[in-house]
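So you can see what is in the structure, the chains are spelled out below.
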Amino acid sequence: MSARALVVDDIAANVRLLEAKLLVEYYEVLTANDGATVLEIVAESMPDIVLLDVMMPGMEGFEVCQRIKENPATVYIPAVMVTALSEVSGRVKGLEAGADAFLTKPVNDLALFARIRSLVRLKRAIDEWRAREFTFTQFGLNNTIAPEDTDPSMLQVLLVADEYGPSQRIVDTLSEEGYSVEHSTSIDDATIKALDGDVHLILVDDRVGGNDVLRFCSQLRSSGVTRHSPILIMLDDGDTERLAKVLDLGVNDYLKRPVNKNELTARAKTQIRRKQFEDNLSQQYEKSLTVAVTDSLTGLYNRRYLETLFEELSSDLRGGGKPISLLIMDVDHFKAVNDDHGHAAGDEVLRGLAQRVLSGIRGFDTAIRLGGEEFVMLMPNVDGRSAVIAANRLREMIDVTPFEIDDKGQTLKVTMSIGVATGAADEIGLNDLLERADQALYTVKNGGPNRVEVADDLPVDSDPLPEAARA
Ligand SMILES: [Mg+2]
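Just so you know, these numbers come straight off a predicted model, no measurement behind them.

(A) Spotlight on the sheet that holds strand E6 (residues 156-160). An order of E7-E6-E8-E9-E10 is seen for the five strands of this open sheet, with the pairing classed as parallel. Here the strands that pair on one side only, and so sit at the sheet edges, are strand E7 (180-184) and strand E10 (253-257). In this sheet, adjacent strand axes meet at a mean angle of 20 degrees when their direction is disregarded. As judged from the four bridges shared by E6 and strand E8 (residues 201-205), these two strands associate in the parallel manner. Bridge pairing in E8 links Leu158 to Ile202. Sheet contacts for helix H6 (residues 165-176): E6 and E7; angle to E7, the most-contacted strand, approximately 165 degrees.

(B) Quick peek at the sheet that holds strand E13 (residues 374-380). Within the open sheet, the five strands sit side by side as E12-E13-E11-E16-E17. Their pairing is mixed. The two strands at the open ends of the sheet, each matched to only one other strand, are strand E12 (366-371) and strand E17 (452-454). The sheet shows a mean angle of 20 degrees between the axes of neighbouring strands, direction not considered. Direction of pairing for strand E11 (residues 323-331) relative to strand E16 (residues 416-424): antiparallel, over a ladder of nine bridges.

(C) Region of the structure containing the pairing of E8. Within E8, five of the five residues are buried, which leaves it mostly tucked inside the rest of the structure. Covered by surrounding structure in E8 are Leu201, Leu203 and Asp205 together with Ile202 and Val204, the residues of both alternating faces. Following the backbone out of E8, through helix H8 (residues 212-222) and into the adjacent parallel strand E9 (residues 231-236), one traces a crossover that is right-handed.

About the cut-offs
Residues numbered from 1 in each chain as written. Predicted model: local features only at pLDDT ≥ 70, side-chain atom pairs only at ≥ 80, totals over all residues. Pairing = 2+ DSSP bridges. Helix = DSSP H or I, 4+ residues; strand = E, 2+ residues; numbered from the N terminus. Axes fitted to C-alpha atoms, helices over the stretch in contact; angles between N-to-C directions. Contact = placed C-beta atoms within 7 Å. Buried ≥ 20, exposed ≤ 12 C-beta atoms within 10 Å, placed from the backbone. Right-handed = clockwise from strand over helix to strand, strands pointing away.

This is the structure we're talking about:
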């Protein structure tokens, strides 16, 4: 995996050392010797990861890190503190500044690359979400993606560790922070609990269940339920090989034993935040998709969706000469509704009509607002005769009950004309169907409103189509 790394150290020899290691693995390397330069480079070049020295004259590494994390444009860039101080106080200070990981000088290659791989992987995932987010803001969506702080008692932490003293202290610490904690003492039990869903953080002691721990972690990553759940693992200090292995399996972060209380809460918080941030992006994305394919006035699907849907349906129906039918429905004299009663009344009619149409269709059919007062119904696996019956039923539903056009109960009688077209799903394209239905509609309009007409080449009465299996 190639990525752009920014290496920062006030001592040139340290920069060169790390740079050389990264270049061997084909990373693109940027360098800086002081904090101010880092902030400039980060804003300009958006690296995939920053490796930050802590002790620097002027701005300390922690402050640089904090500045990167305070800026909404750069908060997603992973920051790794490269430190000569391995004492816990420095680590907690770093976590509070938003650091994603720590490496101790001299940097161990295995730990370095495992860390970079796992952090860059995460950043790529977020980049992807953000790119979609950006694309869909064009549809005028509310683009607030900052996750709100959740009441910690709503957050469940699953601790997977043996029944021994330190485990109880971990449970106590997390409970004091307000989290709901469940403690599993076996991999089997933990697997059931984790896959049950609703777990916000999984904290695993790597001594539980021997080597099954690795299998457990990889199983969590391959299940749809826990694929994105944060996993924190507790390891012996200095077991770099095992650390590299678990990070490659997709474990998000680790804690060294004996576990420091402040470090535990800081890392738990960081992981839960990250997950919530991702969830938020993914919800926004779903919402944007819905908005992109629906019509805001009526809530029906729009033309863009019709095109995608037609492609899908016609490939599903391919073979066996299965029919597909399409209705174009047009409100009669709609201009007069707007002219005589105002656009608000016109909108009410369109909304009411959409509701009525929706209530009168099969689950397989799809109603679409084509634009203005024109609607489409796409009916897969429906032959011409059935389509005409359905069209007449819809026409009557509109005709028989007037629409309310204001909250004072004033009503308005509206009628609808419908053009019907049918074809073999194998052969006909959406534009052909639309065109033929449109011609049929034109015939209705010429002969008088509130009727159903069928496209010319559709033999409805004299030469009935073979009864196609209706889904
Ligand atoms: Mg230094």
